[in-house]
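For reference, the chains in residue letters:
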Amino acid sequence: MKKTTKMAAVLAAMSVMVIGAVSTTMAANEGWNGNDDDGWTYVQDGVKVKGWQQINGVWYYFDKSGNMAQDELVTISGQTYYLSQSGAMATGWQRFESDHDIYNELEDDLPENYNDEEGESTVIDNNYLYDDEIWLYFDQHGVAAEDKWVKSDAGLWYYFENLVMARSDYSYKIGQDYYGLDENGAMMVGWVRNNLDTINDSPYGSDDTRAWYYYQSNGKQVVVDNGEDGKWKKVDGTTWYYFISSEDPIKNNSILTSTYANIDGNYFYLNGDGKMATGITKVAKDTTISGASEVTSKKEVGDTIDVYFASNGKVESGFKGDSYYIEGEKDKKTLKFEKKGTIPSGETFEGYVKGQLAKNCFVKIDDDLYYVDKYGEKIKNESLEIKFDNGTSYKIVFGSNGKAIREKDANDRVKAGKTYTVSDKVEIDIDINGNKVTVNVFE
């Protein structure tokens, strides 16, 4: 009995030692356990924690085995988080280079930049797009931005397709609208020029031949609807521009510039800034003449000319005030004549386009004859001496309204700057391209 009692005492003592050793070991393993190679766990009250845990004010995530997530994306309840290299939940902007596992994981989900029918992209630089890096954004709760806009502290907007920030595209489609995203991903607003290597903020005063796009205050790009050749858009409530559809991906949805253009059967001038012209406007030398075959055979304007455009931008011809604007490249209502010169046989005033200011020529409107001088203005209260090819010379008088005096009797006197007398009821015929007008001759 004593031996049995002694053995029991020994076993009891050993049991206490083992339990004490276990308790001591567990106490030593409370908190962080592991290393960077094998991973980390966290023991709390003798148990490995799982799921989200806030430790010392920092959020971490542990899988169902208690292993801490490190340098990886985790999706929980449909929302994506990034646990950094230290395991801390990430917030804000996160950059991943092309050799990073996150980059490779998301490579199949990179944003699809808008491509035209030919498969050519309008990106600023194809080689720069996503070859080197991608950016993700996580809000204050660690949730990744996905298929949504994010506004930065600087007030700029960025778009994340899937999880990756989209960038470097002039026509990026989101829903049914297009937006411009610069090389840093910021949403563009206002005028932007696509010249492949730089972005300027205004088309004004530029002679660059690259394309100009316009993005409204909400970032939506002005685009031409499918099936249309172009569309008019009033920008800033003041100026009209014409946006074109083009097979060239760079020119598509850009403004038409430096063009005298036939648009839906009417003629307009879009100057070097793309502004629609109104009133008397100087059309620059070398301006392209587009779609105007019925009024001119020329492809470009050879010299700077004055052209008349109505308040709606449409070109107009005929007399406007004291000036005459031609109906086409060769206006049959005109007869070329230099003051104190000889009337040539049937030569019209030759210009470039409809609406151009006529100079140094007779103009016949209905039964009346006018003369516009080198400045393009009617002469009034003035006489004009003309010679014919046969050497005969006559004097025609133009009244206060600019019309040549006609249908006067012999010796009738008229006041036009000074007094003129009809020369023995002599009349001459001025042939304007087969249409004659009879006027009096004065001494």
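Cut-offs applied
- Residues numbered from 1 in each chain as written.
- Predicted model: local features only at pLDDT ≥ 70, side-chain atom pairs only at ≥ 80, totals over all residues.
- Heavy atoms only, no water.
- Helix = DSSP H or I, 4+ residues; strand = E, 2+ residues; numbered from the N terminus.
- Buried < 20%, exposed > 50% of the residue type's maximum accessible area, 1.4 Å probe, protein only.
- Areas by Shrake-Rupley, 256 points an atom, 1.4 Å probe, with all protein chains shown as cover.
- Pairing = 2+ DSSP bridges.
- Axes fitted to C-alpha atoms, helices over the stretch in contact; angles between N-to-C directions.
- Phe/Tyr/Trp six-rings, centres within 6.5 Å; stacked < 30°, edge-to-face > 60°.
- Lys NZ or Arg CZ within 6 Å of the ring centre and 35° of its normal.
- Salt bridge = Lys/Arg side-chain N within 4 Å of Asp/Glu carboxyl O.
- Core = buried A, V, L, I, M, F, W, Y, C linked by side-chain atoms within 4.5 Å.
- Contact = heavy atoms within 4.5 Å.

## A look at the overall build of the chain
Thinking step 1. For the chain, the count of helices and strands is 2 helices and 33 strands.
Thinking step 2. Out of the 443 residues in the chain, the part that is buried amounts to 43%.
Thinking step 3. Counting every atom, the chain has about 24000 Å² of accessible surface; 43% of that belongs to carbon and sulfur.

## Things to note about the sheet that holds strand S31 (residues 413-416)
Thinking step 1. With respect to topology, 3 strands assemble into an open sheet ordered S31-S32-S33, the strand pairing being antiparallel. Two strands bound the open sheet, and with one partner strand each, they are S31 and strand S33 (435-442). Direction aside, neighbouring strands of the sheet carry axes that sit 55 degrees apart on average.
Thinking step 2. Looking at chain direction, S31 and strand S32 (residues 418-432) are connected through 4 bridges and run antiparallel. The residue bridging Ala416 from the neighbouring strand is Lys418, located in S32.

## Quick word on the packing of aromatic side chains
Thinking step 1. Counting across every chain of the model gives 32 aromatic pairs.
Thinking step 2. On the numbers, 6.0 Å between centres and 35 degrees between planes, the contact of Trp32 with Phe62 is tilted. You can see Trp32 sitting in strand S1 (residues 31-35) and its partner Phe62 sitting in strand S5 (residues 58-62), a full 30 residues away along the chain.
Thinking step 3. Residue Phe62 is classed as buried on the basis of its relative accessible area, which comes to 1%.
Thinking step 4. One aromatic cluster is present, built from ring pairs that chain together Trp32, Trp40, Tyr42, Tyr60 and Phe62.
Thinking step 5. Between Lys378 and the ring centre of Phe319, over which it is positioned, the NZ or CZ distance is 4.7 Å.

## Some details on the pattern of salt bridges
Thinking step 1. Per the counting criterion, the structure on display carries 12 salt bridges.
Thinking step 2. Linking Asp177 and Lys220 is a salt bridge whose minimum nitrogen-to-oxygen distance equals 3.3 Å. With Asp177 in strand S14 (residues 177-181) and Lys220 in the loop between strand S16 (211-215) and strand S17 (230-235), this pair connects stretches of sequence that are 43 residues apart.
Thinking step 3. As a salt-bridge pair, Glu316 and Lys320 come within 2.7 Å of each other at their nearest N and O atoms.
Thinking step 4. By relative accessible area, which is 26% here, Lys320 ends up partly exposed.
Thinking step 5. Here the salt bridges share partners, and the residues they tie into one network are Arg95, Glu97 and Glu133.

## Section: the sheet that holds strand S19 (residues 259-263)
Thinking step 1. Read across the sheet, 3 strands follow the order S20-S19-S22 without closing on themselves; strand pairing throughout is mixed. Only two strands of the sheet have a single neighbouring strand rather than two, namely strand S20 (266-270) and strand S22 (288-290). Taking the axes of each pair of neighbouring strands and ignoring which way they run, one obtains an average angle of 20 degrees across the sheet.
Thinking step 2. As defined by bridge partners, S19 adjoins S22 across 3 bridges and the pair is classed as parallel. Looking at the pairing, Tyr260 lines up with Ile289 of S22.

## Overview of the nonpolar core
Thinking step 1. Leu73, Tyr82, Leu106, Ile134 and Leu136 are the most contacted members of the largest nonpolar core, which has 22 residues in total.
Thinking step 2. Counting only elements with at least two residues in this core, the list comes to helix H2 (101-106), strand S9 (133-138), strand S13 (169-174) and S14.
Thinking step 3. Residue contacts for Leu73: discarding those within four places in its chain leaves Thr80, Tyr81, Tyr82, Ile102, Glu105, Leu106, Leu136, Phe138 and Leu163.
Thinking step 4. Core analysis: the next-biggest nonpolar cluster, separate from the first, contains 18 residues, Phe362, Tyr371, Ile386 and Val439 among them.

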